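Residue-level structure breakdown
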Amino acid sequence: MRVTLHTDYALRMLMLLASEPGELHTIEEVSTRYGISRNHLMKVAQTLVQGGFVESVRGRSGGLRLRRRPQDINLGAVIRTTEDGFNLVECFDKESNTCVISTACGLRGPMEEALAAFLGVLDRYTLADLIRNPGRLRRMRQLLHQEAEAV
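My aim in this report is to walk through the structure given alongside it, one point at a time. (Residues numbered from 1 in each chain as written. Predicted model: local features only at pLDDT ≥ 70, side-chain atom pairs only at ≥ 80, totals over all residues. Heavy atoms only, no water.)

A word on the overall build of the chain. Across its full length, the chain holds seven helices and two strands. Taken from the N to the C terminus, the helices and strands of the chain come in the order α-α-α-β-β-α-α-α-α. With the C-alpha coordinates aligned to their principal axes, the bounding extent of the chain is approximately 60 × 30 × 30 Å. Each of the 151 residues in the chain was classed as buried or not, and the buried ones make up 35%. Within the chain, counting contacts between residues at least 6 apart in sequence, those at least 24 apart form 63% of the total. A total of about 9400 Å² of accessible surface is found on the chain, and carbon and sulfur atoms cover 50% of it. Treating the 20 positive side-chain charges of the chain as one cloud and the 18 negative ones as another, the clouds have centres 6 Å apart. (Helix = DSSP H or I, 4+ residues; strand = E, 2+ residues; numbered from the N terminus. Buried < 20%, exposed > 50% of the residue type's maximum accessible area, 1.4 Å probe, protein only. Contact = heavy atoms within 4.5 Å. Areas by Shrake-Rupley, 256 points an atom, 1.4 Å probe, with all protein chains shown as cover. Lys, Arg positive; Asp, Glu negative; His and termini not counted. Charge placed at Lys NZ, Arg CZ, Asp CG, Glu CD.)

This is how it looks when you write it as structure tokens:
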């Protein structure tokens, strides 16, 4: 299984927002701290706002913050929101399926089961679980501040 960069960046953004809940974070700041594309992050933020995970505060001193508490943000829900689809094999997409053996193939069932297991594991975790360990949280913040200072 593999997630897109869009999802990867969304999870990173959510972890930053959750780790520093009292602050508003701009796209520019998040981009600098992670060393990733500002333009891509704008799209990611839009997806997270539309999904109800993040709130965008407009204005001169605006920015992004979590719309929900970290313990109320389910990772499976984030993945389902940020991924375009889960067509692991061609026959998953009925509109573009051209596989000549799809009506007789036994691959679809195991692939559907694998996808369900993948999402099932993620459904057991929240954003709070990702930042729960104080040592890891402290180290993550240090790394993000070092990256921002290096730029």
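On to the nonpolar core. Counting 35 residues, the largest nonpolar core has Met 13, Leu 14 and Leu 48 as its most contacted members. Those elements that provide at least two residues to this core are helix H1 (5-19), helix H2 (27-34), helix H3 (38-50), strand S2 (63-66), helix H4 (75-82), helix H5 (108-123), helix H6 (127-131) and helix H7 (134-150). Per-element tally for this core: the top contributor is H1, with nine residues. If sequence neighbours within four positions are ignored, Leu 14 has contacts with Leu 48, Phe 53, Val 54, Leu 66, Val 78 and Leu 127. (Core = buried A, V, L, I, M, F, W, Y, C linked by side-chain atoms within 4.5 Å.)

Quick look at the side chain of His 6 now. If you trace the backbone, His 6 turns up in helix H1. Overall, the relative accessible area of 17% leaves His 6 in the buried class. Here Thr 47 takes part through its side chain, which lies 2.9 Å from a polar atom of the side chain of His 6. In this structure His 6 touches His 40, Lys 43, Val 44, Thr 47 and Thr 82, once residues within four positions along its chain are discounted. (Polar contact = N/O pair within 3.5 Å; in protein donor to acceptor, adjacent residues only side chain to side chain.)

Before going further, it helps to examine H3. Structurally, the α-helix is built with 3.6 residues per turn, so residues lying three or four positions apart point the same way. For H3, which comprises 13 residues, the first-to-last C-alpha distance of 18 Å matches the rise-based estimate of 18 Å (1.5 Å per residue) to within 8%. Three or more residues of H3 are buried, namely Leu 41, Val 44, Ala 45, Thr 47 and Leu 48. Projection of H3 onto a plane perpendicular to its axis shows the buried side chains occupying an angular sector of 160°, all on one side. Facing away from the buried side of H3, by more than 90 degrees, are the exposed residues Asn 39, Lys 43 and Gln 50. As for H3, its buried residues are in contact with H1, H2, strand S1 (54-57), S2 and H4. The residue sitting at the N-terminus of H3 and contributing the capping side-chain oxygen is Ser 37; that oxygen lies 3.3 Å from the backbone nitrogen of Asn 39. (Expected span 1.5 Å × (residues − 1). Arc of directions from axis to C-beta.)

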